[in-house]
Amino acid sequence: MDQENLFGNEWQILESSRQVMEDAAYAGNELLPEFTKLVNDYERLIKLTTKIFKISDIQGKNIKQHEDEMRQMNHDLQHLEKSRRKLMSDISHELGTPMTSVQGYVKAMLDGVIEPGEPHLRMIYNKVLLVNDLVDDLFELSKLEASKAIFQFSEYPLDQVLDLLRGRFELEAADRGYQFSVEDFQENIPQAGYVSISIDLKRFEQVMNNFVNNAFRYTAPGGMIKIHGEVHIEEHEVLANGLPCQVTFKVSDSGEGIDEEALPYVFDRFYRAIKAKSSTTPGTGLGLAIAKEIVQQHKGQIGVNSVKNHGCTFYFTLPGTIILNQAWEI
């Protein structure tokens, strides 16, 4: 409550008493000195009470702030504990199968049941690599979910990002025998403007690498893989440095596609929605879950569209800005 409202009556009484003290009609009154002393004491009492009220109010606000901080810390601790338990459960569950297999092969070699030849040693080696990748991905995902991963955002023009993606994937796709392209985005922006997005470039490449490798894994050589997208202008809103927009990145392929009932779960950890019969590239089942967390850290949205046996399109949308009447300096 406001102090003036809380002590309003007291201050009014004090003001009236001062007016009595200053009234010439009471100048010769023998009680005036005592009355004056009483008024001064009353003023000191009001000021002291006001000061106590201020201290109490500040302490109350501090206590509430500390309570809010403690409540947030408790929430964060619960979230971290939940993430820790989930991590331990996932490690126990997912590491069990490859490690049991490694143990079995090594024991068979020691017992002389099988000869320690190259095929078996390579199989053991591949399973050890899978275990290493799995542990790395689990810790990466746990850090992202607990908001402990460090992101370094910078502004990049969309054209430069597309050129980077061409250089990153074109040669590899050609070597693998795919029809690959990075198309210019469909956009409707002023002629003098360009699109800029704020991204952590390393994390952005991690998402795109996951999408493209997923397309490689589930599309037969000779098939089509393309990166494309569009820019959507946010209407009726203008920023100081340009126009807000939404930039959607898509990776489409002509591969096996995903069953409709599996689509809501493809970004869950360890959910393998597509079973590739001829795939020789092992996966940890965490790539898409990591991609989802990275996109969310960019304040974006992620999704997938697919028709079984007719390919699929993974996409994510990020906030961007259309910069007007400026030249980008690299």
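Residues numbered from 1 in each chain as written. Predicted model: local features only at pLDDT ≥ 70, side-chain atom pairs only at ≥ 80, totals over all residues. Heavy atoms only, no water.

A. Spotlight on the overall build of the protein. Along its length, the protein carries 7 helices and 7 strands. Overall, the protein shows an N-to-C arrangement of helices and strands of α-α-α-α-β-α-β-β-α-β-β-α-β-β. Buried positions account for 36% of the 330 residues belonging to the protein. Taking the intrachain contacts of the protein between residues at least 6 apart in sequence as the baseline, contacts between residues at least 24 apart amount to 73%. Accessible surface, the protein as shown: approximately 20900 Å² in total, 52% of it carbon and sulfur. (Helix = DSSP H or I, 4+ residues; strand = E, 2+ residues; numbered from the N terminus. Buried < 20%, exposed > 50% of the residue type's maximum accessible area, 1.4 Å probe, protein only. Contact = heavy atoms within 4.5 Å. Areas by Shrake-Rupley, 256 points an atom, 1.4 Å probe, with all protein chains shown as cover.)

B. Seen up close, empty space enclosed by the protein. Enumeration according to the criterion identifies 1 cavity of 30 Å³ or more in this entry. Estimates place the volume of the largest cavity at around 30 Å³. Around the largest cavity, the lining residues are Phe-204, Val-207, Ile-294, Val-295, His-298, Phe-316 and Leu-318. For the lining of the largest cavity, the elements supplying multiple residues, two or more each, are helix H6 (201-218), helix H7 (287-297) and strand E7 (312-323). Along the lines of polarity and charge, the residues of the lining of the largest cavity split into 6 nonpolar, 1 polar and no charged. (1 Å grid on protein atoms, 1.4 Å probe; cavity = no way out; pocket = protein on both sides within 12 Å on 5 of 7 lines; lining within 4 Å. Points joined across faces, edges and corners; volume = space filled by probe spheres on them. Nonpolar A, V, L, I, M, F, W, Y, C, P; charged D, E, K, R; others polar.)

C. Main features of helix H5 (residues 158-176). Given a rise of 1.5 Å per residue, 19 residues ought to cover 27 Å, and the 27 Å separating the end C-alpha atoms of H5 matches this to within 8%. When the local axis directions of H5 are compared, the greatest deviation, roughly 35 degrees, occurs at Phe-169. Residues Leu-158, Val-161, Leu-162, Leu-165, Arg-166, Phe-169 and Ala-173 constitute the buried set of H5. Those residues of H5 hidden inside the fold are in contact with strand E1 (154-157), strand E2 (179-182), strand E3 (194-199), H6, strand E4 (224-233) and strand E5 (242-253). Remark: Gly-177 follows H5 within two positions and exhibits a positive phi of approximately 90 degrees. (Expected span 1.5 Å × (residues − 1). Bend = angle between axes of the 7 residues up to and from the residue.)

D. A look at the packing of aromatic side chains. Using the criterion set out here, one finds 10 aromatic pairs in the structure. Between Phe-151 and Phe-153, the aromatic rings sit 5.9 Å apart at their centres with planes inclined by 15 degrees, giving stacked as the arrangement. Owing to a relative accessible area of 15%, Phe-151 belongs among the buried residues under this scheme. Taking relative accessible area as the criterion, Phe-153 reaches 40% and is therefore assigned partly exposed. Relative to Phe-314, the ring of Phe-211 has its centre 5.3 Å away and its plane inclined at 35 degrees; by these criteria the two rings are tilted. Of the two residues, Phe-211 sits in helix H6 while Phe-314 sits in strand E7, which places them 103 residues apart along the sequence. Members of the aromatic cluster, connected to one another through ring pairs, are Phe-185, Phe-204, Phe-211, Phe-249, Phe-267, Phe-314 and Phe-316. (Phe/Tyr/Trp six-rings, centres within 6.5 Å; stacked < 30°, edge-to-face > 60°.)

E. Fine view of the pattern of salt bridges. What the rule picks out here adds up to 14 salt bridges. Arg-122 is paired through a salt bridge with Glu-118; the nearest N and O atoms lie 3.5 Å apart. On the criterion of helical spacing, the pair formed by Arg-122 and Glu-118 is a turn pair, its members being 4 residues apart in helix H4 (residues 118-145). You can call Arg-122 partly exposed: its relative accessible area is 46%. Its salt-bridge partner being Asp-184, residue Arg-166 comes within 3.1 Å of it at the nearest N-O pair. (Salt bridge = Lys/Arg side-chain N within 4 Å of Asp/Glu carboxyl O.)

None of the figures reported here should be taken as evidence of function without further support.
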